[in-house]
Amino acid sequence: MPSEVNAVLTKSDKQRGNFPIGVKPNKSKKRFEARLSINKQYYHLGTYESPELAFIAYKAGKQAWIRKLAYEYYINGHISQRVYEALQNYEVEISD
């Protein structure tokens, strides 16, 4: 599997802290930010009233990114159809 695809599936428990993956507290607003890291750059996905709502936004963004990567690598012949289909069906879980 290409390293970029493998990297997008790698967990980083150490960076998460006590919140769901992709969620960071915004103490000044008493809300929670959803953010997605792509190629070591963070993208703000919105600010939400609860960590669960922020996670839903993160999940949608992360899954869309994984599917986009899978499509690009598949049409260029860098991953098999089996890997492509697995990535298209990949679900981000709150416990990831």
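Residues numbered from 1 in each chain as written. Predicted model: local features only at pLDDT ≥ 70, side-chain atom pairs only at ≥ 80, totals over all residues. Heavy atoms only, no water.

Colleague: Please explain helix H3 (residues 51-75) as it appears in this structure.
Modeller: An α-helical turn contains 3.6 residues, so a residue and the one three or four places further along point in the same direction. With 25 residues, H3 ought to run about 36 Å at 1.5 Å a step, and its terminal C-alpha atoms sit 36 Å apart, in line with that. Once H3 ends, the next one or two residues include Gly77, with phi positive near 75°. (Helix = DSSP H or I, 4+ residues; strand = E, 2+ residues; numbered from the N terminus. Expected span 1.5 Å × (residues − 1).)

Colleague: I keep staring at the packing of aromatic side chains and nothing clicks. Help me out?
Modeller: Geometry of an aromatic ring pair is reported as the spacing of the ring centres plus the angle between the planes. Under the counting rule described, the total for this entry stands at 3 aromatic pairs. For the pair Phe19 and Phe32, a centre-to-centre distance of 5.6 Å together with 55° between the ring planes defines the contact as tilted. Residue Phe19 is located in the loop between helix H2 (13-16) and strand E1 (23-26), and its partner Phe32 is located in strand E2 (residues 31-38); the two are separated by 13 residues in the primary sequence. What makes Phe32 buried here is its relative accessible area of 16%. Consider the rings of Tyr74 and Tyr84, whose centres lie 4.5 Å apart with planes at 20°: the pair is stacked. Of this pair, Tyr74 sits in helix H3 while Tyr84 sits in helix H4 (residues 81-88); the two residues are 10 residues apart in sequence, bridging distant segments of the chain. (Phe/Tyr/Trp six-rings, centres within 6.5 Å; stacked < 30°, edge-to-face > 60°. Buried < 20%, exposed > 50% of the residue type's maximum accessible area, 1.4 Å probe, protein only.)

Colleague: Any chance you could explain the side chain of Glu33 here in plain terms?
Modeller: Here Glu33 lies in strand E2. No salt bridge is formed by the buried Glu33; the nearest opposite charge belongs to Lys24, separated by 4.4 Å. At 2.7 Å, the side chain of Glu33 and the side chain of Asn26 are in polar contact. Discounting chain neighbours no more than four positions away, the residues touching Glu33 are Gly22, Val23, Lys24, Asn26, His44, Gly46, Thr47 and Ala54. (Lys, Arg positive; Asp, Glu negative; His and termini not counted. Salt bridge = Lys/Arg side-chain N within 4 Å of Asp/Glu carboxyl O. Polar contact = N/O pair within 3.5 Å; in protein donor to acceptor, adjacent residues only side chain to side chain. Contact = heavy atoms within 4.5 Å.)

Colleague: What's the story with the nonpolar core in this structure? I'm lost.
Modeller: Soluble, globular proteins show a tendency: their nonpolar side chains are buried together. Among the nonpolar cores identified, the biggest contains 21 residues, and Phe55, Tyr58, Trp65, Ile79 and Leu87 are the most heavily contacted of them. Elements that contribute at least two residues to this core include exactly helix H1 (3-8), E2, H3 and H4. Counting residues per element, this core draws most heavily on H3, which supplies 9 residues. (Core = buried A, V, L, I, M, F, W, Y, C linked by side-chain atoms within 4.5 Å.)

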